[in-house]
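Architecture and fold: a report
Each chain is listed here by its residues.
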Amino acid sequence: MGLLTEGSPLSWPETKALADHVRQHGISQFINLYKRVQDRQGDVLKWGDEVEYILVKFDHEKKTTHVSLRAEEILNTLREKELANPDTVRSLWRPEYGAYMVEGTPGKPYGGLLAHFNVVEANMRYRREEAAALLQPGEALMSLTSFPRLGCPGFTYPFYKPTTTEGASRSLFIPDEAIFPGHPRFKTLTRNIRERRGEKVAINLPIFKDKNTPSPYVEDLSKLGDDGSSQKAALPDHIYMDAMAFGMGCCCLQVTFQACNIKEARTLYDQLTPLCPIMLALTAASPVHRGMLTDVDCRWNVISGSVDCRTRQERGLEPIPEESGVRRIAKSRYDSIDSYLSPDGEKYNDMPLVMDEVAYKQLIDAGIDHLLAQHIAHLFIRDSVSLFSEKVHQDDERDTDHFENIQSTNWQTMRFKPPPPYSPIGWRVEFRPCEAQLTDFENAAIVCFVVLLTRTILSYQLNLLIPISKVDENMQNAQKRDAARNQKFWFRKDVTTGESPSCCQSPTSCSPAEEYTLMTLDEIINGKEGIFPGLIPLVHSYLSSMDVDADSHCTIQQYLKLIQRRAAGELMTTASWIRNQVVSHPEYKQDSVVSDIINYDLLKNMQEIQAGERPCPELLGPNIITKTSDQVPNT
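To keep things clear, this report deals only with the structure shown in the data block. Since the model is a prediction, treat every value here as computed from it, not as a measurement.

Reading guide: rules and limits
Residues numbered from 1 in each chain as written. Predicted model: local features only at pLDDT ≥ 70, side-chain atom pairs only at ≥ 80, totals over all residues. Heavy atoms only, no water. Phe/Tyr/Trp six-rings, centres within 6.5 Å; stacked < 30°, edge-to-face > 60°. Lys NZ or Arg CZ within 6 Å of the ring centre and 35° of its normal. Helix = DSSP H or I, 4+ residues; strand = E, 2+ residues; numbered from the N terminus. Contact = heavy atoms within 4.5 Å. Axes fitted to C-alpha atoms, helices over the stretch in contact; angles between N-to-C directions. Parallel < 35°, antiparallel > 145°, perpendicular 65-115°, else oblique. Nonpolar A, V, L, I, M, F, W, Y, C, P; charged D, E, K, R; others polar.

Let us now look at the packing of aromatic side chains. Tallying each qualifying case throughout the model produces 18 aromatic pairs. Above the ring of F208, the side-chain terminus of R579 is found at 5.6 Å from the ring centroid.

Below is the structure:
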């Protein structure tokens, strides 16, 4: 969720009045930080994962499920070990947006040893077991991307009713009690985003049209207390959602890498960007929202819409008066990135980039290069939407809270992270598109694959760059129903530069338009003879040059096999599996509705799969050997 500053939250009018103050001092803070750390060298590879979980409450007698609003209580206990001795804990726990959500990470980052791939899954299991020990009867900790009936009547435990005319959300569907209560940032963001926008957020997902789905599908929202504004915002044949919780109440899987210096960090930021839509399609896991089957498989546009604080003028829905200072902004503050950072990526920055021109000039005058300056200046077109009174006045030479205030509320597919001030932590990049998978095995496989890709990219100096406009197109296609099997994605044909592995052909020069083509997910991941080597064969080539112990080799091969088979369509994505479970349920009426009983049976099956009590070869494949020790062997 980003920076969690403690303090007294300001109202939106107070925050708005300080918007220029935050921007001005945020830029100064970045410049001062950059001058101290720009030449930092020699940081070793460190990396770690973040897995988010939902607390689910099962009522086995009534065959219903709810989200359990006990996250704060459980987190307080989970964090006792860290507070007592932070150097020895095996896991770290943090709050997330939902009062039913927790986020777990390893106690310490992993390093450059290949043996670390052998402990990721076991540490994920340890985290799950650690939290599960605090659950009450009927509760389960589940790595669900989205709770299928979030926003349906009575979806919380205990029950709370939405308040449509007061509170932070003013949602027809989500009570404010579903927002994490233990930190003021979450409700402050919810309120300020709504007030800055000038109306509630409006998320519309296309409904999955089944045989008995009404056509057109239109809800009567007046029954829920709508004053007419939601009915106007809701589109026909779409599932309408009106609160930040629908997006930020989803779970994801993220990976952060420390680079050896700023140049390597910029390279990784760029080279991983074209992989964001590919990994989004591969990890698709959220086809059901507000108790209805949608015609998409991913959460991305839901979250993007849930924090879209742009005004009607900024969205291009109303004319902008001259000399008003208002800008037309193409995207939500939660979306795909808009520009590359490395010199190699500059020619692929083919989309207009709106910038804070004052900030850009300030950065250029301070000696920061054009690409980094425009990246930061683009982030700073946003207003702060969460400010605390204790943090208004800062020492720009030492503090970075105003910079992080804007940086941490630009939630993009990739995040470029400078070293914290006066810290041993180096330049980092965060890979953010992946959906949470059901089992620790899958989550570990995704994480290890992405990490191995970074090592392969850097070792072989691979070039995956394509125009930003094509990445944006891929992001939309990646969310479509069954995209992993049915969609094609723009991808670079010849990714080799410099030294080439044996499985690649020699690089050839070609014009930019000839550098990329449409490929299936199978072709991108597994390759196509004479056309593209495939990411997995490239990783195999990298591994063949490394000294890998037998146990780690076996683990890595299992993970890569899962990726290969899912990309080839031999295994289902989580979204396809969920969709199949719903439509094949005996109570399903071919009307797109995921009822209480369908949801109960779906989540019960999922809980048994993640606990290892129910085999699921169509999702995981056969003969899975899971890792149980998170201790790195002596090497």
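Here the residue pair Y157 and P158 is connected by a cis peptide bond, since its omega of 0° sits within 30 degrees of zero. Take P158: it is sitting in the loop between β6 (156-157) and α6 (184-197). With an omega of 0°, the peptide bond running from S215 to P216 counts as cis. Tracing the backbone shows P216 in the loop between β7 (203-206) and α7 (229-233).

Structurally, the position occupied by V594 is in the loop between α21 (574-583) and α22 (596-610). Residues V594 and R290, spaced 304 residues apart in sequence, show a C-alpha to C-alpha distance of 8.7 Å. Once residues within four sequence positions are removed from consideration, V594 is found in contact with R149, V288, G291, M292, L293, V582 and N599.

Quick look at the packing of helix α10 (residues 275-282) against helix α16 (residues 468-478) now. Running from N to C, α10 and α16 cross one another at 5°; their axes reach a closest spacing of 8 Å. The angle between α10 and α16 places the two elements in the roughly parallel class. Contacts from C276, P277, L280 and A281 in α10 reach V471, N474, M475 and A478 in α16. Along the lines of polarity and charge, the residues of the contact of α10 with α16 split into seven nonpolar, one polar and no charged.

Before going further, it helps to examine the side chain of K470. As for its placement among the helices and strands, K470 is situated in helix α16. Leave out the neighbours within four places in its chain, and K470 touches W490 and Y516.

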